[in-house]
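Results of the structural survey
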Amino acid sequence: MSVAARHLLASAGPVSNFSWNLLADLRQMLGYAFMRNAFEAGAMVAVVAGVVGYFVVLRRTAFAAHALSHIGFAGAAGAVAVGVIPLWGLLAFCLTSGAVIGGLGQRLRERDTVIGIVLAFALGLGALFISLYSGSSNEAISILFGEILGVSTGDLSLTLAIGLITLALVAALYRPLLFTSVDEDVAEARRVPVRMVSVVFMMTVALAVAISVQVVGVLLIFGLMVTPAAIAERVCRSPGQAMLVGVAVALGSTWLGLAISWYFAYPVSFFIISISFVVYVAVRVASWAKERAVRAMAVA
Amino acid sequence: MLLGLLPPLAGELRVLGSSPRRGSAHIGYVPQGRNLEAAVAFRGVDLVGLGLDGHRWGFRVPTRPRRELPSSVTEALEAAGASEYARRRIGEMSGGERQRLMLAQALVSKPQLLLLDEPFANLDVRHQSVMAAVVAEVAVEQSLSVVLVAHDINPLRRVVDRVCYVAGGGVAIGTPEEVVTGPVLSRLYGGPVEVLTDSRGRRFVVGLEEETAHPHARSRASVVEGAVR
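Fair warning: this is a prediction, and the values are worked out from it, not measured in the lab. (Residues numbered from 1 in each chain as written. Chains lettered and ligands numbered in written order. Predicted model: local features only at pLDDT ≥ 70, side-chain atom pairs only at ≥ 80, totals over all residues. Heavy atoms only, no water.)

**Observations regarding the overall build of chain B**
Helix and strand counts for chain B come out as 7 helices and 8 strands. Looking at chain B residue by residue over its 229 residues, the buried ones come to 46%. The long-range share in chain B, meaning contacts at least 24 apart out of those at least 6 apart in sequence, stands at 61%. As displayed, chain B has an accessible area near 11,900 Å², and 52% of this comes from carbon and sulfur atoms. (Helix = DSSP H or I, 4+ residues; strand = E, 2+ residues; numbered from the N terminus. Buried < 20%, exposed > 50% of the residue type's maximum accessible area, 1.4 Å probe, protein only. Contact = heavy atoms within 4.5 Å. Areas by Shrake-Rupley, 256 points an atom, 1.4 Å probe, with all protein chains shown as cover.)

As structure tokens, this is what we get:
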């Protein structure tokens, strides 16, 4: 089945009517290879985004992650223009720019300006590549907003492999990465190779972004990389806990979003993003209410 | 320079009997004005643990029951008086509590030399005196030398051994009583500076209102002991 045909399938009205027999629905859902691929790729991406997202939030590099995804857009569009699968283009562009952004270091004052300038240029390139590609604009739309229902078995194994590499990198960097994230001066004095950790970490983010784009697209990457981690930051104490909760939120919203899209013919990425957003708002409201209650108690 | 991050412009520098090298576990370092608010889902014990093995690759392999901390972490927290709140999130701590936590982090690798950059900056008077007492106590108990930079000599008055007062491109070294005096400081600043002493022996530097005093205070364990007694 071509990507276009799958796209059609996903957007041609309700795929299935809601029944109260959820188990039977689930079995029917998983009867389709493209749904199975989506659930598996979504799981891998959610785990990676939850773990990497913790560090993105901790290091305050959300803008860099955002920029990486947009630079990746140029790569993906370029890949489509020359007839390669978008993931390769994403990987090439994201990894290169990730290494450069990491090399700029944490402290550089004009860092965000430099990233922004490169980001604008990359988006311009993306526009050029799209016009070079004579096919329909469906490809561009699926890069921008994600096309998890279009993950082929080949894409899936590539996604799983890249996901495992990402997790292995985070595991290998774990302590120095935490150290440089909270306390760069002391880490440097203790001989942690700060610059190297920063470069490898941004390349890890690049890998995570490249595979997350398939699920939620370039524009909505924050919903997987930042929202779950931001939720975890608010409710957790320790790094380990925060990563677990981040993964749980990312995984929950991805799978639930996929399941909902089975019944309603709207973009999967919309459901995924909305779920994590609602959880974020709920957590904010809950902590606000709790603070108010504590203050009321203190006054009384 | 003492940490081996910068080479000296001229001459040779020897710290603890060898030339300074980055990453020495013999030197504990607390830099100035660290912004730890960024670390929200991060506990005191996590920070101190990084002082122990944050420079190693990978993650700490859990060899003991989950809740138990390495003994050096517990001891460092105890020494810095930070045990009580170490399991709270760093974002929920006050400036003074964070400062003592950073001290614990510097102590966890069992250093012989402690470098503290402005340990009293942004602390209220109570936390300043608590911090000074903790530093003095640690210096005696673990017999380590402490080099610290401070703008205000008063919280340290009774625990400091030697002062190296840096101002206007010159230095004056000696005990606080010798250095923090009107004539010495007037010479350093190249202008009239007065030192007022209040009823409790605290010294206040006045004059040259546009310039700031910047004493580099140096204390050694042996004399700290004498001062504390």
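**Overview of the confidence of the model for chain B**
Of all residues in chain B, 83% have pLDDT values of 70 or greater, and the mean over the chain is 77. Predicted confidence for residues 216-229 of chain B stays below pLDDT 50, and this span has 43 contacts to residues more than four positions away or in other chains. (pLDDT = per-residue confidence, 0-100.)

**A look at helix α14 (residues 268-299) of chain A**
Across its 32 residues, α14 of chain A extends 47 Å between first and last C-alpha, which sits within 8% of the 46 Å expected from 1.5 Å per residue. The complete set of buried residues in α14 of chain A reads V268, S269, F271, I272, I273, I275, S276 and V283 of chain A. (Expected span 1.5 Å × (residues − 1).)

**Focus: the packing of helix α1 (residues 44-53) of chain B against helix α3 (residues 95-107) of chain B**
Residues and elements named next belong to chain B. The interhelical angle for the contact between α1 and α3, taken along N-to-C directions, is 30 degrees, at an axis separation of 7 Å. By the angle class used here, α1 and α3 are roughly parallel. Crossing geometry of α1 relative to α3 is assigned as right-handed. For the pair α1 and α3, contact is made by G44, L47, V48, L50 and G51 and by L101, M102, A104 and Q105, respectively. Broken down by class, the residue content of the contact of α1 with α3 amounts to 6 nonpolar, 3 polar and no charged. (Axes fitted to C-alpha atoms, helices over the stretch in contact; angles between N-to-C directions. Parallel < 35°, antiparallel > 145°, perpendicular 65-115°, else oblique. Left-handed = near helix turned anticlockwise from the far one by under 90°. Nonpolar A, V, L, I, M, F, W, Y, C, P; charged D, E, K, R; others polar.)

**A look at the packing of aromatic side chains**
Residue and element names in this part refer to chain A. Tallied over the full model, the rule gives 8 aromatic pairs over all chains. Pairing Y32 with W262 gives two aromatic rings, centres 5.6 Å apart and planes at 55 degrees, and the pair type is tilted. Within this pair, whereas Y32 is found in the loop between α2 (22-30) and α3 (33-58), its partner W262 is found in helix α13 (residues 239-263), the two being separated by 230 residues in sequence. Since its relative accessible area comes to 40%, Y32 is described here as partly exposed. (Phe/Tyr/Trp six-rings, centres within 6.5 Å; stacked < 30°, edge-to-face > 60°.)

**Here's the deal with the packing of helix α4 (residues 62-82) of chain A against helix α10 (residues 194-216) of chain A**
Residues and elements named next belong to chain A. Between α4 and α10, the least distance of the axes is 10 Å, while the angle of their chain directions is 50 degrees. The orientation of α4 relative to α10 falls into the category oblique. With respect to the hand of their crossing, α4 and α10 are arranged in right-handed fashion. Contact with α4, carried on its side by A64, A65, L68 and S69, involves M202, V205, A206 and V209 of α10 and no other residues of that element. Residues that form the contact of α4 with α10 fall into these classes: 7 nonpolar, 1 polar and no charged.

**Let's talk about the interface of chain B and chain A**
Facing the 36 residues of chain B at the interface are 31 residues of chain A. Taken over both partners, the interface formed by chain B and chain A buries close to 2,900 Å², and the fraction arising from carbon and sulfur atoms is 56%. Considering only the surface of chain B that becomes buried against chain A, R22, A41 and W57 of chain B emerge as the three largest contributors, covering 21% of it. In this assembly, chain B and chain A are joined by 1 salt bridge. For R175 of chain A, the salt bridge identified is with D53 of chain B, shortest N-O distance 2.9 Å. Counting across the interface, chain B meets chain A through 12 residue pairs in polar contact (both at pLDDT 80 or more). (Buried area = accessible area lost by both parts, 1.4 Å probe. Salt bridge = Lys/Arg side-chain N within 4 Å of Asp/Glu carboxyl O. Polar contact = N/O pair within 3.5 Å; in protein donor to acceptor, adjacent residues only side chain to side chain.)

**Digging into a nonpolar patch on the surface**
Residues and elements named next belong to chain A. A cluster of nonpolar side chains, F277, V278, V281, V285 and W288, forms an exposed patch at the surface whose accessible area comes to about 510 Å². If you trace the backbone, F277 turns up in helix α14. Residue F277 is classed as exposed on the basis of its relative accessible area of 51%. (Patch = residues over 30% accessible without salt bridge, like charges linked within 9 Å, V, L, I, M, F, W, Y side chains within 5 Å.)

**As for the nonpolar core**
With 136 residues, the main nonpolar core has V205 and M225 of chain A together with Y165 of chain B as its most contacted residues. Considering each element in turn, this core owes the most residues, 17 residues, to α3 of chain A. Of the residues that make up this core, three or more belong to each of domain 1 (31-110) and domain 2 (114-229) of chain B. Residues within four places of M225 of chain A in sequence aside, it is in contact with A49, V52, G53, V56, V205, A208, V209 and S212 of chain A. A189 of chain A together with L3, I27 and L115 of chain B belong to the second-largest nonpolar core, a separate cluster that totals 7 residues. (Core = buried A, V, L, I, M, F, W, Y, C linked by side-chain atoms within 4.5 Å. Domains from an automatic or database assignment.)

**Some remarks on the pairing of strand β4 (residues 162-167) of chain B**
Residue and element names in this part refer to chain B. Only one face of β4 is covered, namely the face carrying V163, Y165 and A167; the face carrying R162, C164 and V166 is uncovered. Where β4 meets strand β5 (residues 170-174), 5 bridges bridge the pair, whose relative direction is antiparallel. The residue of β5 that forms the bridge with Y165 is A172. Taking the residues between adjacent antiparallel strands as the criterion, β4 and β5 are bridged by 2 residues, where G168 takes a positive phi near 50 degrees. (Pairing = 2+ DSSP bridges.)

**Quick notes on the side chain of S253 of chain A**
All names here are of chain A. Along the chain, S253 turns up in helix α13. Residue S253 is classed as buried on the basis of its relative accessible area of 2%. Within polar-contact distance, the side chain of S253 engages the backbone oxygen of V249 at 2.7 Å. For S253, the side chain forms a polar contact with the main-chain oxygen of A250, separated by 3.3 Å. When sequence neighbours within four positions are dropped, the list of residues in contact with S253 reads I272, I275 and S276.

**Observations regarding the pattern of salt bridges**
Residue and element names in this part refer to chain B. This structure, assessed with the given rule, holds 6 salt bridges over all chains. For R43, the salt bridge identified is with D46, shortest N-O distance 2.9 Å. Given the relative accessible area of 17%, R43 is considered buried. The residue R88 makes a salt bridge to E97 at a minimum N-O spacing of 3.6 Å. By relative accessible area, R88 is classed as partly exposed at 29%. Among the residues examined, E97 registers a relative accessible area of 17% and is labelled buried.

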